[in-house]
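Read off the chains here:
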Amino acid sequence: MSKKLSPAIDRAVRMELLRAKAAVEREALLHNLAEAGVALSPSHMVRSILPSSLQGLVGGGGGLGGVNSSKIAMQAFTLLRRYPMVLSSASALLLKGSKKSKLLKLGAGALIGWQALRIWRQKQDGDGHVG
């Protein structure tokens, strides 16, 4: 009952199978390259180094507005308390006594003050509407 296929048809079937296999392997290679690109991104590498409580800070998490900024500030404070050498090293590298250091200090102070004012205003608005 089994018919023998002609050698030309058999060869054509094998070639189509090999072409399909090559296409699947190319797709798998592209997928693996995309995964490697994500795994080697700077945000992913930093996220793998940080403690689990701080992993939400890096790469696509929320931003710097409202409740997220207070959460970020608290986590940063916790990190700096836990690892004081981080702050010491960063300040030593950034603030070497130049004019830039004075501007950087002024800018950081203004940014912290602005964020604190925004959080305070949001709390005030929240308290007034709850009544």
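Data block above holds the structure.
A short tour of the structure in this document, coming up. Fair warning: this is a prediction, and the values are worked out from it, not measured in the lab.

**Focus on the overall build of the chain**
1) Next: When helices and strands are tallied, the chain shows five helices and zero strands.
2) Next: Secondary structure elements of the chain occur, N-terminal to C-terminal, as α-α-α-α-α.
3) Next: Classification of the 131 residues of the chain by burial places 6% in the buried group.
4) Next: Intrachain contacts of the chain at a sequence separation of at least 6 include 35% that bridge at least 24 residues.
5) Next: As displayed, the chain offers around 11200 Å² of accessible surface, 67% of which is attributable to carbon and sulfur atoms.

**Re a nonpolar patch on the surface**
1) Next: A contiguous nonpolar patch, built from Leu5, Ile9, Val13 and Leu17 and spanning about 380 Å² of accessible area, is present on the exposed surface.
2) Next: By the element assignment, leucine 17 lies in helix 1 (residues 7–39).

**Some remarks on the packing of aromatic side chains**
1) Next: Inspection of the entire model under this criterion finds zero aromatic pairs.
2) Next: Sitting over the ring of tryptophan 114, arginine 118 keeps its end group 4.8 Å from the ring centre.

**Focus on the pattern of salt bridges**
1) Next: Inspection of the entire model under this criterion finds two salt bridges.
2) Next: Across the pair aspartate 10 and arginine 14 runs a salt bridge whose closest N-O atoms are separated by 2.8 Å. Residue aspartate 10 and its partner arginine 14 are both found in helix 1; the two are separated by four residues, about one turn of the helix.
3) Next: In this structure aspartate 10 comes out as partly exposed when scored by relative accessible area, which is 31%.
4) Next: Here arginine 19 makes a salt bridge to glutamate 16, at a shortest N to O gap of 2.7 Å.

Calculation criteria
- Residues numbered from 1 in each chain as written.
- Predicted model: local features only at pLDDT ≥ 70, side-chain atom pairs only at ≥ 80, totals over all residues.
- Heavy atoms only, no water.
- Helix = DSSP H or I, 4+ residues; strand = E, 2+ residues; numbered from the N terminus.
- Buried < 20%, exposed > 50% of the residue type's maximum accessible area, 1.4 Å probe, protein only.
- Contact = heavy atoms within 4.5 Å.
- Areas by Shrake-Rupley, 256 points an atom, 1.4 Å probe, with all protein chains shown as cover.
- Patch = residues over 30% accessible without salt bridge, like charges linked within 9 Å, V, L, I, M, F, W, Y side chains within 5 Å.
- Salt bridge = Lys/Arg side-chain N within 4 Å of Asp/Glu carboxyl O.
- Phe/Tyr/Trp six-rings, centres within 6.5 Å; stacked < 30°, edge-to-face > 60°.
- Lys NZ or Arg CZ within 6 Å of the ring centre and 35° of its normal.

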